[in-house]
Amino acid sequence: MWPGSIIGATTTRVHGSRPALSPAPGIQRLFDQSTIRQLVGHRGRPGSLGGTKWTMTEITVRVLEESDWSLYRDVRLRALAESPGSFSATLAEEAGRDEQFWRARMTRSHRLLAERGSIPQGIVSLGPYEHEPSAGEVFGLYVVPEARGTRVSWRLVEAAAALALAALYAATDEIHQ
């Protein structure tokens, strides 16, 4: 469980075993020190933060591991069924896919799940942006109808941004090693 809340924090520098790094202007107010410090240590690779949780009021956002493929599949198929015009894939295309397909999908990008208790509230994905290798792309955002209007989408995007920031710091750290 992450100590502290991401929302409303005022971090201006990141401190740890490496030299301090300053987040980009405007970003530093989104994350608290402990969140950034813990994220930076994970190198920002898909699956490397599996099980990590951001707790915000009643909603918990976590990065799914490959072993969570069936949970992700269930929420993804629900998204395709309930919001077919919102995604490039269709329910018909993905419903019959096997375990290997879903496991492979889990390793290509980070998959974040919002939950209230143990009940899925939404998903979002974070992966590399194909047109700019140093940038990330947030995609596949879906919130279950009963949770819309409760800031679940904001919490998912905020957690994805924290993860993207961690990947940026990890890449910067690797360059300086």
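Residues numbered from 1 in each chain as written. Predicted model: local features only at pLDDT ≥ 70, side-chain atom pairs only at ≥ 80, totals over all residues. Heavy atoms only, no water.

When helices and strands are tallied, the protein chain shows five helices and five strands. Across the 177 residues of the protein chain, 41% fall into the buried class. Summarising the internal contacts of the protein chain: among those between residues at least 6 apart in sequence, 56% fall at separations of at least 24. For the protein chain, the exposed area adds up to about 9300 Å²; of that, 53% sits on carbon and sulfur atoms. (Helix = DSSP H or I, 4+ residues; strand = E, 2+ residues; numbered from the N terminus. Buried < 20%, exposed > 50% of the residue type's maximum accessible area, 1.4 Å probe, protein only. Contact = heavy atoms within 4.5 Å. Areas by Shrake-Rupley, 256 points an atom, 1.4 Å probe, with all protein chains shown as cover.)

Turning to the confidence of the model for the protein chain, a few remarks are in order. Taken residue by residue, the protein chain gives an average pLDDT of 73. The fraction at 70 or more is 63%. Taken element by element, the predicted model of the protein chain shows its lowest mean pLDDT in helix 1 (residues 33-40) (46) and its highest in helix 2 (residues 69-82) (97). Under a pLDDT of 50 for its full length, residues 1-50 has, in the predicted model, 103 contacts with residues more than four places off or in other chains. (pLDDT = per-residue confidence, 0-100.)

Looking now at the pattern of salt bridges. Taken as a whole and assessed by the stated rule, the structure comprises 10 salt bridges. Notably, a salt bridge pairs D68 with R62, separated by 3.5 Å at the nearest N-O pair. E146 serves as the salt-bridge partner of R78, at 3.1 Å between the closest nitrogen and oxygen. Highlighted residues: R78 in helix 2 and E146 in the loop between strand 5 (136-143) and helix 5 (152-175), separated in sequence by 68 residues. Exposure remark for R78: the relative accessible area of 28% places this residue in the partly exposed category. Take E146: its relative accessible area is 55%, and that puts it in the exposed class. Connected through shared salt-bridge partners, R62, D68 and E115 make up one network. (Salt bridge = Lys/Arg side-chain N within 4 Å of Asp/Glu carboxyl O.)

Under the counting rule described, the total for this entry stands at two aromatic pairs. Aromatic side chains Y72 and W102 sit 6.0 Å apart centroid to centroid with 65° between the ring planes, which places their arrangement in the edge-to-face category. Within this pair, whereas Y72 is found in helix 2, its partner W102 is found in helix 4 (residues 99-108), the two being separated by 30 residues in sequence. The pair formed by Y72 and W102 is uniform in burial state, with each residue classed as buried. The rings of Y72, F101 and W102 are connected pair by pair, giving a single aromatic cluster. We note R97 situated over the ring of F101; from NZ or CZ to the ring centre the distance is 4.5 Å. (Phe/Tyr/Trp six-rings, centres within 6.5 Å; stacked < 30°, edge-to-face > 60°. Lys NZ or Arg CZ within 6 Å of the ring centre and 35° of its normal.)

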